[in-house]
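Listed below, chain by chain, are the residues.
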Amino acid sequence: MTIDEFFSKHSSVAVALSGGVDSALLLSLAAEKAERSKAYFVKSQFQPAFELEDARRVAEGAGVQLEVINVDVLSHSEIASNPENRCYYCKKLIFSTIIDSAERDGFDVVCDGTNATDDLDDRPGARALKELGVLSPLRLCGIGKPEVRLLAEKRGVEVYAKPSYACLATRIMSGNPITARALEVIEKAEGELFSLGYSDFRIRSRGEGALLQLGRCDFELFVSLREQTAAVLNKYYENAFLDLKERSTDE
């Protein structure tokens, strides 16, 4: 199936917009090829503020209306308790909310930005989307991450080069309860590291401490910013450690 064939078959689509490049490209394509489209962004404690800012710019650039839906994910014990399948419950809640809003607005289909190279093996979140009937046009049409970035750049999508950014809940180890305070600290600390110039990293909560994981380019940056980086981490955590293994996943 081609992307044109998808939108010929599904001409009225609601797009779950995360602020990342995959859903941003999907929204750009939907705006051009579907007869009717709208973007939905779910704002919860798991999304940093910049994701919503990016989503607003993406929707504006595509000329598509954006609806922001507030969801208190931490009020659901099956999510806040942080079991191994937390993502299943979280995706089920978020996309059920989007589906309700999309149905109210008269849309036939809800789509997400999962692409053809995303590894969905044993991913609880992917199971939730399948159960809810959410469609993934990029994956269905064989469009993987490299092509996503190329197409997004070609189409002038602002976030085409944005690194993958998993939700803040992934920073806390399964089995450890997720609190609003822990998420707030992670967001603030990561925000300060972004301001130093880091772009591909994660701060993993380890009790009262933190583990900093860096991608290849950020390891090179760390050499010149070691003291500033330590100052940021020590501001928010009792202990901070550097993972000497290069970060290689989207988690």
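The written sequence of each chain sets the order in which its residues are numbered from 1. For this predicted model, a pLDDT threshold of at least 70 governs which residues receive local features, and a threshold of 80 or more governs which side-chain atom pairs are given and counted, while totals over whole chains, interfaces and linings are taken from all residues. Think of the side-chain values as coming from all heavy atoms in the structure, minus any hydrogens and water.

(A) The overall build of the chain, seen in detail. Working definition: helices are DSSP H or I runs of at least four residues, strands are E runs of at least two. Numbering for both runs from the N terminus. Check the secondary structure of the chain and you find ten helices and seven strands. Expressed along its principal axes, the backbone C-alpha trace of the chain runs to roughly 55 × 40 × 30 Å. Each of the 251 residues in the chain was classed as buried or not, and the buried ones make up 48%. The criterion used for residue contact is that any of the two residues' heavy atoms lie within 4.5 Å. Sequence separation of at least 24 residues holds for 70% of the intrachain contacts in the chain that already meet a minimum separation of 6. Reported accessibility uses the Shrake-Rupley method at a 1.4 Å probe radius. Residues are deemed covered only where the shown protein chains occlude them. Surface exposure of the chain reaches about 12300 Å², of which carbon and sulfur atoms provide 49%. To sort residues, take the accessible area from a 1.4 Å probe on protein chains only and compare it with the maximum for the residue type: under 20% means buried, over 50% means exposed, and anything in between is partly exposed.

(B) Expanded view of helix H8 (residues 145-154). Lys-145, Val-148 and Ala-152 are the residues of H8 that are buried. Taken down its axis, H8 places every buried residue within 50 degrees of arc, on the same side. The exposed set on the far side of H8, more than 90 degrees from its buried face, consists of Pro-146, Leu-150 and Lys-154. Packing partners of the buried residues in H8 comprise helix H2 (21-33) and helix H7 (137-140). Read the arc as the range of directions from the helix axis to the C-beta atoms.

(C) The arrangement of the sheet that holds strand E5 (residues 201-206) in detail. The rule for pairing is simple: two strands pair if DSSP sees at least two bridges between them. The mixed open sheet is built from three strands, whose spatial order is E5-E6-E7. At either end of the open sheet lies a strand with only one pairing partner, and these are E5 and strand E7 (239-242). For this sheet, the mean inter-axis angle between neighbouring strands, taken without regard to orientation, is 25 degrees. In this structure, strand E6 (residues 209-214) lies alongside E7, joined through four bridges in parallel fashion. Helix axes are fitted only over the stretch in contact, all axes being lines through C-alpha atoms; the angle between N-to-C directions runs from 0 to 180 degrees.

(D) Summary view of the layout of surface pockets. Using a grid of 1 Å spacing that covers the protein atoms alone, one calls a set of points a cavity when a 1.4 Å probe fits there but cannot get out, and a pocket when the set is open and has protein on both sides within 12 Å along at least five of seven lines; lining residues are those with an atom within 4 Å of a point. Grid points are joined across faces, edges and corners, and a volume is the space filled by probe spheres set on the points. In this model, the second largest pocket occupies a volume close to 250 Å³. Every residue lining the second largest pocket is counted, 13 residues in all, and those nearest its centre are Ala-182, Ser-205, Gly-207, Glu-208 and Tyr-237. Class assignment of the residues belonging to the lining of the second largest pocket gives a composition of seven nonpolar, four polar and two charged. Classification used: nonpolar for Ala, Val, Leu, Ile, Met, Phe, Trp, Tyr, Cys and Pro, charged for Asp, Glu, Lys and Arg, polar for all others including Gly.

(E) How the structure looks around the pairing of strand E1 (residues 12-16). Along E1, five of the five residues are buried, which leaves the element largely enclosed by surrounding structure. Alternating positions in E1 separate into two faces, Ser-12, Ala-14 and Ala-16 on one and Val-13 and Val-15 on the other, with burial throughout. By convention a crossover is right-handed if, when the strands point away from the viewer, the path from the first strand over the helix to the second runs clockwise. Following the chain from E1 across H2 to the adjacent parallel strand E2 (residues 36-43), one finds a crossover that is right-handed. Bridge count between E1 and strand E4 (residues 109-111): three bridges; the pairing is parallel. Bridge assignment links Ala-14 to a residue of E4, and that residue is Val-110.

(F) Spotlight on the pattern of salt bridges. Throughout this description, the term salt bridge denotes a Lys or Arg side-chain nitrogen within 4 Å of a carboxyl oxygen of Asp or Glu. One pass over the structure, following the stated rule, counts 19 salt bridges. Among the ionic pairs, Glu-51 bridges to Lys-162, the shortest N-O distance being 2.5 Å. Taken together, the residues span a long stretch of sequence, with Glu-51 in helix H3 (residues 49-62) and Lys-162 in the loop between H8 and helix H9 (180-196) at a distance of 111 residues. When the shortest N-O distance is used, the salt bridge between Arg-216 and Glu-246 registers 3.3 Å. Linking Arg-216 in helix H10 (residues 216-236) with Glu-246 in the segment after E7, this pair joins segments that are 30 residues apart in sequence. Overall, Arg-216 belongs to the exposed group, its relative accessible area being 57%.

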